[in-house]
Amino acid sequence: MIESFQHLINGFGIATTFQNLSYCLIGAIVGTIVGVLPGLGPIAGIALLIPATFGLNATSAIIMLAGIYYGAMYGGSTTSILLNVPGETASVITCIDGYQMAQKGKAGPALAICAIGSFIAGTIGIFGLVFLAPPLAEAALAFGPPEYFSLMVFGFIVLSNVTGASLLKSLMMSIVGLIIGTMGIDPVSGDPRFTFGSIPLLGGIEFVAVAIGLFGIGEVLTNVEKPQELLDEKVLVPRLRELYPSVQDLKKSFFPILRGTGIGFGVGLVPGPAPVIATYASYMVEKKVSRHPEEFGKGAIEGVAGPESANNSACQAAFIPLFVLGIPFAPPTAILLGALLIHGVNPGPMMISQHPELFWGVIASMYIGNFVLLLLNLPFVPLFANILRIPKRILLPLVILFCITGMYTVNNSVFDIWMMLLFGGLGFIMRKWAYEGAPLLLALVLGPKLEVAFRQSLMISHGNFGIFIDRPVSVILLLATGLFLIVPMARLMIRTLKKGGER
Amino acid sequence: MKRDEWIGGIVIFIFGAITVLLSLRMPVGTFRMAGAGMFPLCLGILLMLLSSCFLLKLLLKGKKRADEKEQATELPSSTRQLVLFFGAMLLATLLFNPFGYPLVAFLLMLALLRILGIKRWSLNIIVSGATAAGSYLLFVQWLQIPLPKGFIGL
């Protein structure tokens, strides 16, 4: 442990050299700008700027790219709050209450609490990394396909409980997302599935197209269909003194931030799309422990503070499976892995001993990056909040243009724009019929991994489903899943019986 | 609303059924050695089951509340505006490659602003021009993103 601390101090020494500090700052600024532009998220941001790091040494390059990652995550939250357009999946949950807060004139506090929560999560996370990283990284190695499968099923049920009024509708959306996720090449046998002879579909449905379509385009179309009078309706723009969170807001956010940090860190260490699961789990916990759960979905600050802290904390912890196992579990870390390989670094169990300056330098730079983001973003809150002053008749076409441009830049493909429009239409219909987009999106991301885990588990057990209950971690996760399914149903039944009794 | 719920449930059921049919055309295999069709087949069946539960729930609810009349006083929605708006987006996507990014960005903004009721041409042209130029400078010149040049070659 003392050794880890010593390494971390050395890491700070590396991260605070003028050169690395500059790259961290550039990364955080560029990342924020990229994240704020609707349509461009961390994936596109990192991918676009990898060529710019070719002239740098590996440590500086990864420090800059990690800065872009963090900056874009924060920027993504900004667009989630202001425009209901998530930059990436982890900010989907921020849309739920963040956007509602913005509509009620509390965009400033929502944005500020994101920055504060992220910073606190980063601060606690760094200590967690030093003390817990080595033993937890070993524990994560013990996760096999059955555990992954149960963990992901747990994630779906948690999410279905969190979003929307109807558990059944959310579950159906999860299954639809999983089916859409099976499009493309079968990950095990290599057979094409549901491609209808289309070559672009062989690569599967682009996640960004679905995200921007369901949330960005869907929201715009819903606004466009509204009667003319509602289109002229002004969103409440906060006055200067309302731009920052009040003492009451900070008090309300304190424990959600701490809980979010804990959840995020724990989930982040488990290989999987950690930030996504962490934000949903945090939101679920906050809703459960809140004295006013009915406020969630209508602009509860706890619904922004918890998930945003969880997001940041999970991102930080998720670097451990990436660096230690050499396996990326989310698209942005996959691109970072690509960047590491380009710079001649092969992540794996030997990385900490072979490249300690890189591992600890990047860990330290994450903390510095968070501090830079806090300094950068708090003064810019008024600027970002002013986006809401733009009349809707001008703002909606602007969002569309940025969505189309952003979508094209991901793969330089017009096909992706068509897909985005298709899912935009679907998002619009789903809103009309009161179906939630978040379960579909999460299922789309997790689907291929869920399928591989499912099939590998059954291969290991020779087709015996008992494998999922024979292993302790898996059975605990499945029992927890069962609880999440049974409790709301039991509650509903009791309520119905009570109502029947009253009559 | 009630009708929407029914349509939604039926559409999802049909989606599940189509998934099952298409999955059966692929190699399904056994649980021990699952083929490409196994996972989507299971998902399709599960979706059909869930949507059946949903429809059954609606049916039971409908019987309970048969005497309750729905009272909806909604403002008239702008369906025409929506169709034109979405149509403009489709047309812009169609012209994205042949016309090039700057021109499509300008024309799309011009059309969308007009559809949303910005009737003054001067304001419309200024906003569209500034947006197209700004996004061109940002994406093409600054971020060096290769966007379609089209016949104008920009």
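Remember, it's a predicted structure, so these values are computed and weren't measured experimentally. (Residues numbered from 1 in each chain as written. Chains lettered and ligands numbered in written order. Predicted model: local features only at pLDDT ≥ 70, side-chain atom pairs only at ≥ 80, totals over all residues.)

Looking at the overall build of chain A
Within chain A, the secondary structure is distributed over 21 helices and two strands. Long-range contacts, defined here as pairs at least 24 residues apart, represent 80% of the contacts in chain A between residues at least 6 apart. (Helix = DSSP H or I, 4+ residues; strand = E, 2+ residues; numbered from the N terminus. Contact = placed C-beta atoms within 7 Å.)

Some words on the overall build of chain B
Counting secondary structure elements, chain B contains five helices and zero strands. Counting from the amino terminus, helix and strand elements in chain B follow one another as α-α-α-α-α. Buried positions account for 32% of the 154 residues belonging to chain B. Looking at chain B alone, contacts between residues at least 24 apart form 58% of all its contacts between residues at least 6 apart. (Buried ≥ 20, exposed ≤ 12 C-beta atoms within 10 Å, placed from the backbone.)

Regarding the packing of helix H4 (residues 101-115) of chain B against helix H5 (residues 121-142) of chain B
Residue and element names in this part refer to chain B. H5 packs onto H4 with a crossing angle of 145° between their chain directions and a minimal axis gap of 8 Å. Considering only the axes of H4 and H5, their crossing is right-handed. Mapping the contact onto sequence places Tyr101, Pro102, Ala105, Phe106, Met109, Leu110, Leu113 and Arg114 in H4 and Asn124, Val127, Ser128, Gly129, Thr131, Ala132, Ser135 and Tyr136 in H5. Its residues assigned to classes, the contact of H4 with H5 comprises 10 nonpolar, five polar and one charged. (Axes fitted to C-alpha atoms, helices over the stretch in contact; angles between N-to-C directions. Left-handed = near helix turned anticlockwise from the far one by under 90°. Nonpolar A, V, L, I, M, F, W, Y, C, P; charged D, E, K, R; others polar.)

Re the domain arrangement of chain B
Examined at the domain level, chain B breaks down into domain 1 (2-64) and domain 2 (79-142). Put simply, the middle of domain 1 of chain B and the middle of domain 2 of chain B, counted by C-alpha atoms, are 40 Å apart. (Domains from an automatic or database assignment.)

Structural notes on the interface of chain A and chain B
Chain A puts 47 residues into the contact, and the matching count from chain B is 56 residues. Elements with a contribution of two residues or more to the side of chain A that touches chain B: helix H8 (167-181), helix H9 (207-225), helix H10 (228-231), helix H17 (392-411), helix H18 (414-432) and helix H19 (438-460) of chain A. Tallying contributions element by element places H17(A) first for the side of chain A that touches chain B, with 11 residues. Looking at the side of chain A that touches chain B residue by residue, the classes come out as 30 nonpolar, eight polar and nine charged.

Describing the nonpolar core
Grouped burial of nonpolar side chains is what soluble globular proteins tend to show. Of all hydrophobic cores here, the largest spans 194 residues; its most connected members are A:Leu65, A:Ala110, A:Ile212, A:Met407, A:Met420, A:Leu441 and B:Leu112. Considering every element that reaches this core, the biggest residue donor is helix H4 (residues 58-83) of chain A, with 15 residues. Each of domain 1 (2-64) and domain 2 (79-142) of chain B contributes no fewer than three residues to this core. (Core = buried A, V, L, I, M, F, W, Y, C linked by C-beta atoms within 7 Å.)

Overview of helix H3 (residues 79-99) of chain B
With 21 residues, H3(B) extends 29 Å between its outermost C-alpha atoms, agreeing within 8% with the 30 Å of an ideal straight helix rising 1.5 Å per residue. Every buried residue of H3(B) is accounted for by B:Phe85, B:Phe86, B:Ala88, B:Met89, B:Ala92, B:Thr93, B:Phe96 and B:Phe99. Summarising the contacts, the buried residues of H3(B) are in contact with H9, H17 and H18 of chain A together with H4 of chain B. Downstream of H3(B) by one or two residues, B:Gly100 has phi in the positive range, about 90°. (Expected span 1.5 Å × (residues − 1).)

Looking at unusual backbone geometry
Residue and element names in this part refer to chain A. With a phi angle near 50°, Phe196 is a residue other than glycine that sits in the positive phi range. You can call Phe196 exposed: it has 8 C-beta atoms within 10 Å. Its identity as a non-glycine residue notwithstanding, Ala434 has a phi of 60°, on the positive side. With respect to the secondary-structure elements, Ala434 resides in the loop between H18 and H19. Exposure remark for Ala434: the 14 C-beta atoms within 10 Å place this residue in the partly exposed category.

Considerations on the environment of B:Trp6
All names here are of chain B. With respect to the helices and strands, Trp6 occurs in helix H1 (residues 2-24). What makes Trp6 partly exposed here is the crowd of 14 C-beta atoms within 10 Å. Here the alpha-carbon distance between Trp6 and Leu59, two residues 53 residues apart in the chain, equals 9.1 Å.

With respect to helix H11 (residues 247-269) of chain A
The first and last C-alpha atoms of H11(A) sit 33 Å apart over 23 residues, in line with the 33 Å expected at 1.5 Å per residue. In the structure, H11(A) departs most strongly from a straight axis at A:Ser253, where the bend amounts to approximately 35° and where the proline A:Pro256 lies between one and four residues downstream. (Bend = angle between axes of the 7 residues up to and from the residue.)

Re the confidence of the model for chain B
Predicted coordinates in regions of low pLDDT should not be interpreted in detail. Averaged over every residue, the pLDDT of chain B is 88; the share at 70 or more is 90%. With pLDDT under 50 throughout, residues 69-73 of chain B is counted as low confidence; its partners more than four residues away or in other chains account for one contact. (pLDDT = per-residue confidence, 0-100.)

Regarding the packing of H17(A) against H5(B)
Viewed as axis vectors pointing N to C, H17(A) and H5(B) meet at an angle of 30°, and their least axial separation amounts to 12 Å. Looking at the two axes, H17(A) sits roughly parallel to H5(B). For the pair H17(A) and H5(B), the sense of crossing is right-handed. Of the residues in H5(B), those touching H17(A) at A:Ile394, A:Leu398, A:Leu401 and A:Thr405 are B:Val127, B:Thr131, B:Ser135 and B:Phe139. For the contact of H17(A) with H5(B), the per-class residue count stands at five nonpolar, three polar and no charged. (Parallel < 35°, antiparallel > 145°, perpendicular 65-115°, else oblique.)

A few points about the environment of A:Asn311
Residue and element names in this part refer to chain A. Among the secondary structure elements, Asn311 is positioned in helix H13 (residues 302-325). By C-beta crowding, Asn311 is classed as buried, having 33 other C-beta atoms within 10 Å. It is 23 Å that separates the C-alpha atoms of Asn311 and Cys403, two residues lying 92 residues apart in sequence. Aside from chain neighbours lying at most four places away, what touches Asn311 is Met73, Ala90, Gly264, Pro275, Ala278 and Thr279.

Looking at the environment of B:Ile118
Position of B:Ile118 among the secondary structure elements: in the loop between H4 and H5. The class for B:Ile118 is partly exposed, based on 19 C-beta atoms found within 10 Å. Beyond its immediate sequence surroundings of up to four residues, B:Ile118 is in contact with A:Arg393, B:Leu113, B:Leu123 and B:Asn124.

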